[in-house]
Amino acid sequence: MGSAVTFDPSMALLGGDVPEGAMELAIAMADAADAIAARHFRHAFDIEHKADESPVTIADKETESAMRSLIAGRFPDHGILGEEHGDEQLDARHVWVIDPIDGTASFAIGAPVFGSLIALLEDGKPILGVVNCPAMNERWIGARGRPTTLNGAPVRTRTCPDLSAAWHCTTTPAMFERDGEAEAAARLRSRVRRAVWGMDCYAYGLIANGTLDIVCESNLQPYDYMALVPVVEGAGGKITNWQGDPLSLSSGPTVLACGDPGLHDAALALLTG
């Protein structure tokens, strides 16, 4: 693990149009995730498997518990939806959606492309998102009313209006499980310049950075994607489900993210055609 990045809450770009104290809490949650990851990453630990055969480790459980404790201490009236410990108060105006380790399989084998995802929803819409990748020493923060930043510096998606010039990523082909999904995803991949695999949440940070153009995925849960929305959109990109609808707690398992909004329209047409 690299040395920790220092995040100064007084930075001019830090705030955004979010509830007072929310940004500072999100950063504290990400810092807690960093500390727990540092204790366990590339060390011996047991790997459990859930009913759906997805892996879970002590780091997943400890990280989510630490995040929930921080939320309860600062905003006890806020709701929480987490991957490992369920949900509470989802009818609250503000709901935190957390994935303690996105990319647990990568974490388990010692690969550095995993991250913690932290989102704050207001009236069901994501207004704050953190993609925190401790082994890479990289942290993207997106929030309503401010540009997306990577380690405190603004980032921007790149222009790529033509699919034939686009670089495309999907974590694994095994995620296209529903009828027609594999064929739809293959149509899109056949039109891009280059398709790569892997990276989980890290790929969405690369879209925000302007070095990757498309991420197309399915079989996701809200804790897998809610934090990605402010990060991608705050950098100039577009992210929806495969029907072109905004991502929400009920938008379904599909996600299409593009750095260039015009490219998103062309990609969506292939997925739905």
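Being a predicted model, the structure only gives us computed values, none of them experimental.

What counts, and at which threshold
Residues take numbers from 1 onward in each chain, read along the sequence in its written order. The predicted origin of the model limits local features to residues at a pLDDT of at least 70 and limits the giving and counting of side-chain atom pairs to 80 or more, whereas totals for whole chains, interfaces and linings rest on all residues. For the side-chain quantities, the full set of heavy atoms in the structure was used; hydrogens and water were omitted. The helix count covers DSSP runs of H or I at least four residues long, the strand count covers runs of E at least two residues long, and both are numbered beginning at the N terminus. When checking whether two residues touch, look at their non-hydrogen atoms; a contact exists if any pair is within 4.5 Å. Expected helix span is taken as 1.5 Å per residue step, with the number of steps being one fewer than the number of residues. Relative accessible area decides the class of each residue, using a 1.4 Å probe on protein chains only: under 20% of the type maximum gives buried, over 50% gives exposed, and in between gives partly exposed. Taking the helix axis as origin, the arc is that swept by the directions to the C-beta atoms. Polar contact is the term for a pair of N or O atoms within 3.5 Å; when the atoms are in protein, one must be able to donate a hydrogen and the other to accept it, and sequence-neighboring residues count only if both atoms are side-chain atoms. Two strands qualify as a pair provided DSSP detects at least 2 bridges between them. Throughout, an axis means a line fitted to C-alpha atoms (over the contacting stretch in the case of helices), and angles, computed between N-to-C directions, take values from 0 to 180 degrees. Relative orientations are named as follows: roughly parallel for angles under 35 degrees, roughly antiparallel for angles over 145 degrees, roughly perpendicular for angles from 65 to 115 degrees, and oblique for any other angle. In this scheme, a crossing is called left-handed if the near helix is turned counterclockwise away from the far one by less than a right angle; it is called right-handed if the turn is clockwise. In the scheme used here, Gly and all other residues not listed as nonpolar or charged are polar, with Ala, Val, Leu, Ile, Met, Phe, Trp, Tyr, Cys and Pro taken as nonpolar and Asp, Glu, Lys and Arg as charged.

A. Geometry of the environment of Pro-112. You can see Pro-112 is positioned in the loop between α3 (104-109) and β6 (115-122). The spatial distance from the C-alpha of Pro-112 to the C-alpha of Asp-31 is 17 Å, given a sequence separation of 81 residues. Ignoring anything within four residues of it in the chain, the contact list for Pro-112 reads Phe-41, Arg-42, Ala-135 and Met-136.

B. Structural view of helix α8 (residues 261-272). Look at α8: 17 Å from first C-alpha to last across twelve residues, which is about the 16 Å you get at 1.5 Å a residue. Regarding α8, the residues found buried are Leu-263, His-264, Ala-267, Leu-268, Leu-270 and Leu-271. One face of α8 carries all of its buried residues, which in axial projection span an arc of 160°. Buried residues belonging to α8 abut α4 (181-189), β13 (214-217), β14 (238-240) and β15 (255-258). The N-capping residue of α8, defined by a side-chain oxygen 2.9 Å from the backbone nitrogen of Gly-262, is Asp-260.

C. Main features of the sheet that holds strand β7 (residues 125-133). What the eight strands build is an open sheet, ordered β4-β3-β5-β6-β7-β8-β9-β10; its pairing is mixed. A single partner strand is all that each edge strand has here, and the edge strands are β4 (86-88) and β10 (153-154). Summarising the sheet, β7 and strand β8 (residues 138-143) pair through six bridges and their orientation is antiparallel. Its bridge partner lying in β8, Asn-132 is registered against Arg-139. Of the strands in this sheet, β3 (79-82), β4, β5 (94-102) and β6 are in contact with helix α2 (residues 58-74), which crosses β5 at around 155°. Docked against the sheet, helix α5 (residues 202-209) engages β7, β8 and β9 (146-150), running at close to 70° with respect to β8.

D. Representation of α2 in the model. Here α2 contains 17 residues, and its C-alpha end-to-end distance of 25 Å stays within 8% of the 24 Å for a straight helix at 1.5 Å per residue. The backbone nitrogen of Ala-59 lies 3.2 Å from a side-chain oxygen of the residue at the head of α2, namely Thr-57.

E. The sheet that holds strand β12 (residues 194-197), seen in detail. One open sheet holds the five strands; their spatial order is β12-β11-β13-β15-β14, and the pairing between them is mixed. Only two strands of the sheet have a single partner each, and these edge strands are β12 and β14. Across the sheet, the mean angle separating the axes of adjacent strands is 15° when strand polarity is ignored. Relative to β13, strand β11 (residues 167-170) runs parallel, the two sharing two bridges. Bridge pairing in β13 links Cys-169 to Val-215. Against the sheet, α5 engages β11, β13, β14 and β15, with an angle of about 150° to β13. Across the sheet, α8 touches β13, β14 and β15, and the angle it forms with β15 is around 145°.

F. Focus on the packing of helix α1 (residues 22-40) against α2. One way to put it is that α1 packs onto α2 with a least axis distance of 9 Å and a crossing angle of 155°. When the axes of α1 and α2 are compared, the pair comes out roughly antiparallel. Every pair of crossing elements has a handedness; the one defined by α1 and α2 is right-handed. For the pair formed by α1 and α2, the contact residues are Leu-25, Ala-28, Met-29, Ala-32, Ala-33, Ile-36, Arg-39 and His-40 on the first element and Ile-58, Ala-59, Glu-62, Thr-63, Ala-66, Met-67, Leu-70, Ile-71 and Arg-74 on the second. The class makeup of the residues in the contact of α1 with α2 is twelve nonpolar, two polar and three charged.

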